[in-house]
Amino acid sequence: MARTRVRITSLLALSAALFLTAACGNDPSPQDTKSEAGPQPRAKKPVVVVTTTWEGAFAKAAGAEDVKVIVPQSVHHAPDYDPKPSDLAAVGKADFVLYAPFEPYAAKIKEAAGSKAKLVEVNLDNDPDKVKAEVDKLGTLFGTADAATRWKTGFDTEYAKLNKEVQAGWPGGRSPSVVTQVFTAWSAKLAGATPVGTYGPEAVTPAQLAELAAKKPELVLDNAHMSTGTVLPDSGAKQVKIVNYPGEDLDLLTVYRNAATELKKAMGAS
């Protein structure tokens with residue numbers, strides 16, 4: 001009788017163990033639960049290939065860490081660059097390829113990207129609102145939205161500081177009248193000035209020259225990468241060289257700091 005009781009007890013214990021095992025096997029694992037919660041940040045950092053340091057700075061601001069730049073920073077006019085076979089080979093290994101539609105080698109980049117890399121067209125404009133919109137977009141694509149948000153917070157703080165510093169240098173305490181190249185209007189905004197005219201990207205025609213000179217601007221904000229020389233000769237306007245492309249460190253904030261420095265110097269001399 002005692003032996004029968006032991007056998008029954010053992011069978012009951014075994015049945016209970018089997019039941020618990022089966023029950024645990026039907027429960028979703030933490031990994032399964034996570035996957036059902038929606039898109040998650042990438043486990044692996046994305047490999048990002050960019051055409052220039054400008055796109056590279058946007059990518060870095062959005063949280064990308066592995067960024068390869070095709071066009072060397074030493075190339076003064078990036079659209080003139082002809083990508084080498086090694087450049088195009090790097091494109092084929094990327095998760096994302098960033099380019100601007102106005103770049104003449106965009107077609108080669110698209111072809112080299114193949115089926116693996118995601119091609120991303122970037123709106124290259126240093127206007128602060130447009131920059132933050134692009135950084136938001138890229139952060140979502142890269143799975144680095146938190147890093148993009150942190151960068152935007154720091155950017156807003158630094159931009160407000162620079163804007164205040166430049167406005168403190170207004171001649172006579174009033175906003176200067178400025179003429180800008182089409183790709184440097186953002187620097188007028190940094191100065192707190194409203195452009196009275198724009199020109200480019202083509203060279204200024206005699207008719208445009210007369211029209212712009214009649215506005216009597218104090219400053220001409222020229223594009224250092226597409227300069228055609230003195231824009232308004234004999235007008236008395238101080239010409240300021242504005243650089244759009246960041247350096248090899250891909251720090252976009254440096255572009256704004258440098259522009260602020262040049263603007264303050266020009267206003268102090270006007």
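Criteria and cut-off values
- Residues numbered from 1 in each chain as written.
- Predicted model: local features only at pLDDT ≥ 70, side-chain atom pairs only at ≥ 80, totals over all residues.
- Heavy atoms only, no water.
- Core = buried A, V, L, I, M, F, W, Y, C linked by side-chain atoms within 4.5 Å.
- Buried < 20%, exposed > 50% of the residue type's maximum accessible area, 1.4 Å probe, protein only.
- Helix = DSSP H or I, 4+ residues; strand = E, 2+ residues; numbered from the N terminus.
- Contact = heavy atoms within 4.5 Å.
- Pairing = 2+ DSSP bridges.
- Axes fitted to C-alpha atoms, helices over the stretch in contact; angles between N-to-C directions.

**Q** Help me understand the nonpolar core in this model?
**A** Core analysis: the largest hydrophobic core is formed by 58 residues, its most contacted members being Val 48, Leu 98, Phe 142, Leu 190, Leu 221, Leu 252 and Tyr 256. With nine residues, the single largest contributor to this core is helix 10 (residues 252-269). The contact partners of Leu 252, leaving out residues within four places of it in the chain, are Trp 54, Ala 57, Phe 58, Asn 126, Val 131, Trp 151 and Pro 246. Counting residues in hydrophobic clusters, the runner-up holds seven residues, among them Leu 212, Val 231, Leu 232 and Ala 237.

**Q** Sorry if this is basic, but what is going on with the sheet that holds strand 4 (residues 118-121) here?
**A** The strands making up a sheet associate through hydrogen bonds between their backbones, and the pairing can be parallel or antiparallel. A sheet is described by the order of its strands in space; here four strands give the open sequence 2-1-3-4, paired in parallel fashion. Two strands in the sheet have a free side with no partner beyond their single neighbour: strand 2 (66-69) and strand 4. Strand-to-strand, the axes of this sheet are offset by a mean angle of 25°, without reference to chain direction. One ladder, built from four bridges, connects strand 1 (residues 47-50) with strand 2; its direction is parallel. Paired with Val 49 across the two strands is Lys 68, which belongs to strand 2. This element, helix 5 (residues 106-113), spans strand 3 (96-99) and strand 4 of the sheet and lies at about 175° to strand 3. Running at roughly 170° to strand 4, helix 6 (residues 128-142) makes contact with strand 1, strand 3 and strand 4 of the sheet.

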